Amino acid sequence: MKIALVSPPVTAQTLVGETASMKSVLNVIPPLGLAYLAAVLEESGYAVRIYDGSLAMSLNQLADRLQEYKPDVVGLTSTTPAFPDARRTAERVRQILPGAVIVLGGAHVSAVPDALSQDCFDVGVTGEGEATMLELVRQIETIGLGDLSGIAGLVFRRNGEIFMTEPRGYIKDLDTIPPPARHLLPPLSAYSPTPASYRKLPLAVLMTSRGCPYQCTFCDRKVFGNLTRGHSPERVVAEVEEALHRYGAREIRFFDDTFTYDKKRVLTICEMLLQKGLRFPWTCLTRVGAVTRELLKTMKEAGCWQVLYGLESGDPRMLAALKKGHTVEENEQAVRWAQEVGLGVRGDFIVGTPAETKESLERTLQFTKRLKLDYAHFNKFVPFAGTELYEELVQQGYEFDISDLPTILDHQATPYVPPSMTADEFHAFLDRANREFYLRPAHILRRLWRTRTWDELMGQARGALAVAGL
């Protein structure tokens, strides 16, 4: 059995739509989900290759490589914005490898099982895919597709209708999963993370936990669920050492939804890094309610130089509507704590949700400037299936083509605009917010003062050009 795991080639239109200047600041990082699947399959003796279409690979180039390899199973991963590209890829695979089993996985099919109505796919894997994919491959190897109803976590067509098996339980002990098969991926130097996220290249991305217990209305938790589970500190540090020493990483980004969900675990990780003399820059994503000043200080001592908070809004009414579970004052406190101990701060904001008004948008913009954030990401709300807001809007009578929704980076494509403003007014805010935040002379001088490396300086220059070109 030969297996190909594919991140489909995506078009520029899929990534940034009409906002072409944003291409230069895209976050192009290794597909860790495929690397975890590959590790589990390799451990069981299967031949596996990964093809990453995010690295300027055309569909024709991918087809040539797959024809040469002739896999028995082709697994495609897809988010909702990339689903049209995944569908095109599957259709091409069906033409060149008619005998191959084509499996769809990733966030889109987990949120929208009806994606399997497309006959270019044979079966879909929902939720965490490692155990499900291994069980599916073993069945294909022995008896073919046959009756799939006994495998948890699948979606497929049966007699022309969509059928789902029982959900598979989440992996409770993440240390039972082998480390991602980074040896099957292109070198780290082939990737280009967003300029806001690094000081040194190449950068490696690590996932040390899964699941999110919070209830934000704009977020889909179908893949990893609400149960937060983490790797042990020993496993985390071992992966860090592998990324640094085997794969040549000069910086690490911890890509967990909330890296500091367990403060004791993070303190232990920091202590182990210091004891082992592992000195390298690193960043993480976290939540304002999951940090203390003391924890941030220890993280800084262990090499952390930046944290990314999901701040979402500078308006208290909006935070309540989004079910963030924290206040504007708590947002501000967490930012101040990080700045006081010497950490840089990125802030994620979600703009354009149903309760949004022109006044709340303005409060958010002024909030970002008052806090002197290093970066503020004004993420346009897109009603993705699987989120609470999507369900509410559908119940109100809205209709969305969930198989062809834009990314948050495409400012001109707005499938939803808050009723309090026009589409033109919302577009104008998105463009103005980026310019007004990033092109202030004081902000530019502050960013230059805080820049430490040549890699970071070049990234800053790319980011400035992207914003100026909006």
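Up top is the structure these notes are about.
Okay, so let's go over this structure.

In this section: a nonpolar patch on the surface. Taken together, the side chains of Leu439, Ile444, Leu445 and Leu448 present a nonpolar region at the surface, about 360 Å² in accessible area. Relative to the helices and strands, isoleucine 444 resides in helix H15 (residues 441-450). Relative accessible area serves as the criterion here: at 38%, isoleucine 444 is assigned to the partly exposed category.

Ranked by size, the top nonpolar core spans 58 residues in total, and within it Ile252, Trp282, Met299, Val307 and Tyr309 carry the most contacts. Here this core takes six residues from helix H14 (residues 423-438), the largest share from any one element. Setting aside chain neighbours within four positions, we find isoleucine 252 in contact with Ala204, Leu206, Ala243, Leu244, Phe280, Pro281, Trp282 and Thr283. Counting residues in hydrophobic clusters, the runner-up holds 42 residues, among them Tyr36, Val123, Tyr191 and Tyr198.

As a further point, take the sheet that holds strand S14 (residues 344-351). Pairing is parallel across the open sheet formed by six strands, whose spatial order is S8-S11-S12-S13-S14-S15. The open sheet has two edge strands, strand S8 (203-206) and strand S15 (375-380), and neither has a second partner. Direction aside, neighbouring strands of the sheet carry axes that sit 20 degrees apart on average. One ladder, built from six bridges, connects S14 with S15; its direction is parallel. Bridge pairing in S15 places valine 351 opposite lysine 380. Seen against the sheet, helix H9 (residues 293-301) touches strand S12 (282-286) and strand S13 (304-312) and runs at an angle of roughly 140 degrees to S13.

Right, let's get into the environment of alanine 461. Tracing the chain through its elements places alanine 461 in helix H16 (residues 454-468). For alanine 461, a relative accessible area of 36% puts it in the partly exposed group. Separated by 266 residues in the primary sequence, alanine 461 and proline 195 have C-alpha atoms spaced 8.8 Å apart.

Buried residues dominate S12, accounting for five of its five residues. Of the two faces of S12, both are covered, the one formed by Trp282, Cys284 and Thr286 as well as the one formed by Thr283 and Leu285. Here strand S11 (residues 251-254) pairs with S12 via three bridges, running parallel. Bridge pairing in S12 places arginine 253 opposite threonine 283. What joins S11 to S12 is helix H8 (residues 263-275), and the crossover it makes is right-handed. As judged from the five bridges shared by S12 and S13, these two strands associate in the parallel manner. By the bridge assignment, leucine 285 is partnered in S13 with leucine 308. Traced from S12 through H9 to S13, the parallel crossover comes out right-handed.

Take threonine 165: it is sitting in the loop between strand S7 (161-164) and S8. Its relative accessible area of 8% is what places threonine 165 among the buried residues. Among the polar contacts listed, one links the side chain of threonine 165 to the backbone oxygen of isoleucine 151, at a separation of 2.7 Å. Here the side chain of threonine 165 touches glycine 153 through a polar contact of 3.0 Å, landing on its backbone nitrogen. Threonine 165 has contacts with Leu148, Ser149, Ile151, Ala152, Gly153, Leu154 and Phe156, leaving out every residue within four places of it along the chain.

Parameters at a glance
- Positions within a chain are numbered from 1, following the residues in the order the chain's sequence is written.
- Whole-chain, interface and lining totals are the exception, using all residues; otherwise, since this is a predicted model, local features are given only for residues with pLDDT of at least 70 and side-chain atom pairs are given and counted only at 80 or more.
- Excluded from the side-chain calculation are hydrogens and water; included are all heavy atoms of the structure.
- Here the term patch refers to residues with relative accessible area over 30% and no salt bridge, with like charges joined within 9 Å and nonpolar side chains (Val, Leu, Ile, Met, Phe, Trp, Tyr) within 5 Å.
- Computed by Shrake-Rupley with a 1.4 Å probe, the accessible areas treat only the displayed protein chains as cover when residues are assessed.
- Any Lys or Arg side-chain nitrogen located within 4 Å of an Asp or Glu carboxyl oxygen qualifies as a salt bridge.
- Secondary structure elements are defined from DSSP: runs of H or I of at least 4 residues count as helices, runs of E of at least 2 residues count as strands, and each element is numbered from the N terminus.
- Residue burial is assigned from relative accessible area. The probe radius is 1.4 Å, only protein chains are included, and a residue is buried under 20% of its type maximum, exposed over 50%, and partly exposed in between.
- Working definition of a nonpolar core: buried Ala, Val, Leu, Ile, Met, Phe, Trp, Tyr and Cys residues. They are joined through side-chain atoms within 4.5 Å.
- Should any heavy atoms of two residues lie within 4.5 Å, those residues are counted as being in contact.
- By definition, two strands form a pair when at least two bridges between them are found by DSSP.
- Note on geometry: axes are lines fitted to C-alpha atoms, helical ones only across the stretch in contact, with angles between N-to-C directions running from 0 to 180 degrees.
- Think of it like this: strands point away, you trace from the first strand over the helix to the second, and a clockwise trace means the crossover is right-handed.
- Side-chain atoms alone can form a polar contact between residues adjacent in sequence; in general such a contact is a pair of N or O atoms within 3.5 Å, and within protein one must be able to donate a hydrogen while the other accepts it.

All quantities given are derived from atomic positions and should not be read as evidence of function.
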